[in-house]
Amino acid sequence: VSLSTGEHKPRILLMGLRRSGKSSIQKVVFHKMSPNETLFLESTNKIVKDDINNSSFVQFQIWDFPGQIDFIDSTFDSDTIFGGCGALVFVIDAQDDYGEALNKLNLTVTKAYKVNPNIKFEVFIHKVDGLGDDFKMESQRDIHQRATDDLNDAGLDKIHLSFHLTSIYDHSIFEAFSKVVQKLIPQLPILENLLNILNTNSAIEKSFLFDVVSKIYIATDSTPVDMQSYELCCDMIDVVIDVSWIYGIKEEQQEATAFDEQSSSLIKLNNGTVLYLREVNRFLALVCILREDNFDRKGIIDSNFLSLRGAIQQVFELRNKPQPSSMLTAPGSPI
Ligand code: GDP
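An unreviewed UniProt entry annotates the protein as Ras-related GTP-binding protein C originating from Cryptolaemus montrouzieri. According to the UniProt record, the Sequence similarities (unreviewed entry) comment for the protein reads "Belongs to the GTR/RAG GTP-binding protein family." The Catalytic activity (unreviewed entry) comment attached to the protein in UniProt states, word for word, "GTP + H2O = GDP + phosphate + H(+)".

Rendered as structure tokens:
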């Protein structure tokens, strides 16, 4: 099962000034680099196309541009680059003076919108780990205000920018990427609904559908996400992957991890909560949070899970067939 194949791959562009943190984000989210190691990253000075399609369920590409790229320059083929792009992530270093970054943002967004008005524009107000709460909020307000004012002045008020406060030193960067990726998944409402049904019928409090490699959650139920729960689930994935690496049998051809169709894991916390992970396919895992008392009914949970897995597979197989509403009542749904 793949989210999309061929020319339908949603592509994410990562742009911003030099040293704003683009390479670090890419390394930390998609290549498991620890944040401290990014201190030694070489500065980017050419366009890097990082194709992570083979290891990740979420099939998209990151293009890392050097900050000073010139749109007028003929080597920058904006039709191709913006044309096939689903989301443009613009990284602004919040610890630095961001005046120049805002100019660049305006220029980039204007140019990209002309080529492709369907692009989702996402601004990462980045490196906020160094800032106090008040300053963080103030920067967000200021950047939001100035960026939208600039667009309005240019008569481009149709363009919508979304803002995220991010840092590679906590889970905010994963959370922000999750939001960005979710906007590019047309099946999101169906997945959300399936997870709601699963929760209701299995007394589960929260469930996330994770892309295991990146720890991006591609969907969750409709209850609000609390950062602590998300972090717990991320940590659980790390544990499972680490144990799989150490003790899993690695077959010759099968790169990546020993995480496979059989993987599952159960962690009981000392506050009466259970974390339960089940694989959905080679790339996706379901992670649920529930009360330990309700885990008595594990048989029911497992059986509902199997229905969910079947339904998710159908959702992605039916990708290009416009009949999503029937999925919600399909016989395979968890009841
Ligand atoms: P690029 O030129 O945009 O690719 O920027 P780099 O990824 O090379 O990052 C420049 C510097 O910013 C590096 O020293 C990183 O360690 C640092 N950096 C990146 N992200 C963060 C962050 O979230 N917080 C802090 N404090 N530093 C960061």
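J.: Describe in detail the confidence of the model for the protein, supporting the description with residues and values.
T.: With 78% of its residues at a pLDDT of 70 or more, the protein has an overall mean of 83. Contacts of residues 323-335 to residues separated by more than four positions or lying in other chains number 24 contacts, the stretch itself having pLDDT below 50. ipTM for the predicted complex: 0.98, alongside a pTM of 0.84.

J.: Help me get a handle on the site of the ligand, residues and values and all.
T.: Around the ligand lies a shell of 19 residues, among which Lys22, Ser23, Ser24, Thr38 and Asp129 are the nearest. Lys22 is positioned such that a nitrogen or oxygen atom in its side chain is 2.8 Å from an oxygen atom of the ligand. At a separation of 2.6 Å, a nitrogen atom of the ligand approaches a polar side-chain atom of Asp129. For the ligand, whose accessible area on its own is 580 Å², the fraction buried by protein is 92%. Within the shell around the ligand, the residues separate by chemical class into 4 nonpolar, 10 polar and 5 charged.

J.: Describe the pairing of strand β10 (residues 273-279), with residues and values.
T.: In terms of residue burial, β10 counts as a mostly covered element, since 7 of its 7 residues are buried. Of the two faces of β10, the one lined by Thr273, Leu275, Leu277 and Glu279 and the one lined by Val274, Tyr276 and Arg278 are each fully buried. Sheet topology note: the strand β9 (residues 264-268)/β10 ladder contains 5 bridges and is antiparallel. Note that in β10 the partner of Lys268 across the bridge is Val274. Where β9 folds back on β10, the antiparallel hairpin that results is connected by 4 residues, among which Gly272 adopts a positive phi of roughly 80°. Bridging between β10 and strand β11 (residues 284-291) involves 7 bridges; their strand directions are antiparallel. Its bridge partner being in β11, Leu277 is matched across the sheet by Val287. Between the end of β10 and the start of β11, which pair antiparallel, lie 4 residues.

J.: Give me the lowdown on a nonpolar patch on the surface, citing residues and values where you can.
T.: Taken together, the side chains of Val239, Val243, Trp245, Ile246 and Tyr247 present a nonpolar region at the surface, about 550 Å² in accessible area. Residue position: Val243 is located in helix α7 (residues 227-247).

J.: Lay out the pattern of salt bridges in plain terms, naming residues and giving numbers.
T.: By the definition in use, this model includes 12 salt bridges. Where Asp93 meets Lys127, a salt bridge forms, and the shortest distance between an N and an O atom there is 3.1 Å. Of this pair, Asp93 sits in strand β4 (residues 87-93) while Lys127 sits in the loop between β5 (120-126) and α4 (133-153); the two residues are 34 residues apart in sequence, bridging distant segments of the chain. The salt bridge involving Asp238 is made with Lys215; its shortest N-O contact spans 2.9 Å. Residue Asp238 is located in helix α7, and its partner Lys215 is located in the loop between β7 (206-211) and β8 (216-220); the two are separated by 23 residues in the primary sequence. Taking the relative accessible area as the measure of exposure, Lys215 reaches 11% and is therefore buried.

J.: Quick one: what's the story with the sheet that holds β10, residue by residue and with numbers?
T.: Taking strand neighbours across the sheet as the criterion, the 5 strands line up as β8-β7-β11-β10-β9 in an open arrangement whose pairing is antiparallel. Both edges of this open sheet fall to β8 and β9, since each of them pairs with a single strand only. Looking at each pair of strands side by side, their axes are set apart by 20° on average, direction ignored. Against the sheet, helix α6 (residues 188-202) touches β7, β8 and β11, its axis set at about 70° to β8.

J.: Which residues make up the environment of Ile173, and what values do they have?
T.: Relative to the elements of secondary structure, Ile173 occurs in helix α5 (residues 172-183). On the basis of relative accessibility, which here comes to 0%, the residue Ile173 falls in the buried class. Separated by 148 residues in sequence, Ile173 and Ile25 place their C-alpha atoms 7.5 Å apart. If we skip the residues at most four places from it in the chain, Ile173 touches Ile25, Val29, Phe124, His126, Thr166, Ser167 and Ile168.

J.: Lay out the packing of helix α3 (residues 99-115) against α4 in plain terms, naming residues and giving numbers.
T.: When two helices pack together, their arrangement is given by the angle between the helix axes and by the axis-to-axis distance. Taken N-terminus to C-terminus, the directions of α3 and α4 make an angle of 45°; their axes are 10 Å apart at the nearest point. By the angle between their directions, the pair α3 and α4 is classed as oblique. Like other packed secondary-structure pairs, α3 and α4 cross with a definite hand, here right-handed. For the pair α3 and α4, contact is made by Gly99, Leu102, Leu105, Asn106, Val109 and Thr110 and by Ile143, Arg146, Ala147, Asp150 and Leu151, respectively.

J.: I'd like a rundown of unusual backbone geometry, residues and numbers included.
T.: Located in the positive-phi region is Arg19, a residue other than glycine, with phi close to 65°. Tracing the backbone through its elements, the reader meets Arg19 in the loop between β1 (12-16) and α1 (22-30). Owing to a relative accessible area of 55%, Arg19 belongs among the exposed residues under this scheme. For Lys32, which is not a glycine, the phi torsion comes out positive at approximately 55°. Its location among the elements puts Lys32 in the loop between α1 and β2 (48-51).

The rules behind the values
Residues numbered from 1 in each chain as written. Predicted model: local features only at pLDDT ≥ 70, side-chain atom pairs only at ≥ 80, totals over all residues. Heavy atoms only, no water. UniProt positions renumbered as here; feature names shortened; annotations may be inferred. pLDDT = per-residue confidence, 0-100. Contact = heavy atoms within 4.5 Å. Near = heavy atom within 4 Å. Polar contact = N/O pair within 3.5 Å; in protein donor to acceptor, adjacent residues only side chain to side chain. Areas by Shrake-Rupley, 256 points an atom, 1.4 Å probe, with all protein chains shown as cover. Nonpolar A, V, L, I, M, F, W, Y, C, P; charged D, E, K, R; others polar. Buried < 20%, exposed > 50% of the residue type's maximum accessible area, 1.4 Å probe, protein only. Helix = DSSP H or I, 4+ residues; strand = E, 2+ residues; numbered from the N terminus. Pairing = 2+ DSSP bridges. Patch = residues over 30% accessible without salt bridge, like charges linked within 9 Å, V, L, I, M, F, W, Y side chains within 5 Å. Salt bridge = Lys/Arg side-chain N within 4 Å of Asp/Glu carboxyl O. Axes fitted to C-alpha atoms, helices over the stretch in contact; angles between N-to-C directions. Parallel < 35°, antiparallel > 145°, perpendicular 65-115°, else oblique. Left-handed = near helix turned anticlockwise from the far one by under 90°.

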